[in-house]
Amino acid sequence: MEQRKRVLLVDDEADLLSAFEFRLEALGYDLAVARNGAEALEQMNKHRADVVLADFMMPEINGIELTRIIKSHPLWFETQVVLFSCN
């Protein structure tokens, strides 16, 4: 049996998180959610994601800085990161 891909969804907008959550879970992904970059790093420390979908503009740690941190980490550097913005 194939293991489900783990997706970490990062966005500070609750409505967008809900919409993405609903769709990604319906597609069968193992989903983790974070409301900002700091929470995303906590989630990555708990259970590394295969893919990170992150908002470009967030408080604390924005999407670009989050990507830099993930890509510079020795255990996470192969993680795919996709940034998005609703602006």
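This write-up is about the structure you can find in this document.

Analysis parameters
Going along each chain's sequence as written, the residues are numbered from 1 onward. Under the rules for a predicted model, residues below a pLDDT of 70 receive no local features and side-chain atom pairs below 80 are neither given nor counted, while totals for whole chains, interfaces and linings still include all residues. Side-chain descriptors were evaluated using all non-hydrogen atoms of the structure, hydrogens and water having been removed beforehand. Think of it this way: DSSP has to see at least two bridges between two strands before they count as a pair. Labels follow the DSSP assignment, with helices taken as runs of H or I lasting at least four residues and strands as runs of E lasting at least two, numbered in each case from the N terminus. Viewed with both strands pointing away, a crossover whose connecting path from the first strand over the helix to the second turns clockwise is right-handed. Surface patches are defined over residues having more than 30% relative accessible area and no salt bridge, joining like charges when they lie within 9 Å and nonpolar side chains (Val, Leu, Ile, Met, Phe, Trp, Tyr) when within 5 Å. Per-residue accessibility takes into account occlusion by the displayed protein chains alone, with areas from the Shrake-Rupley method and a 1.4 Å probe. Definition used for salt bridges: Asp or Glu carboxyl oxygen within 4 Å of a side-chain nitrogen of Lys or Arg.

Once that is clear, we can look at the pairing of strand S4 (residues 80–84). The pairing of strand S3 (residues 51–55) with S4 spans five bridges and is parallel. The residue bridging leucine 53 from the neighbouring strand is valine 82, located in S4. Taken together, S3, helix H3 (residues 63–72) and S4 form a β-α-β motif whose crossover is right-handed.

Now for a nonpolar patch on the surface. Together, Phe56, Met57, Ile64 and Leu83 line one region of the surface with nonpolar side chains, adding up to about 320 Å² of accessible area. Checked against the element boundaries, leucine 83 lands in strand S4.

Read these as geometric descriptors, not functional statements.
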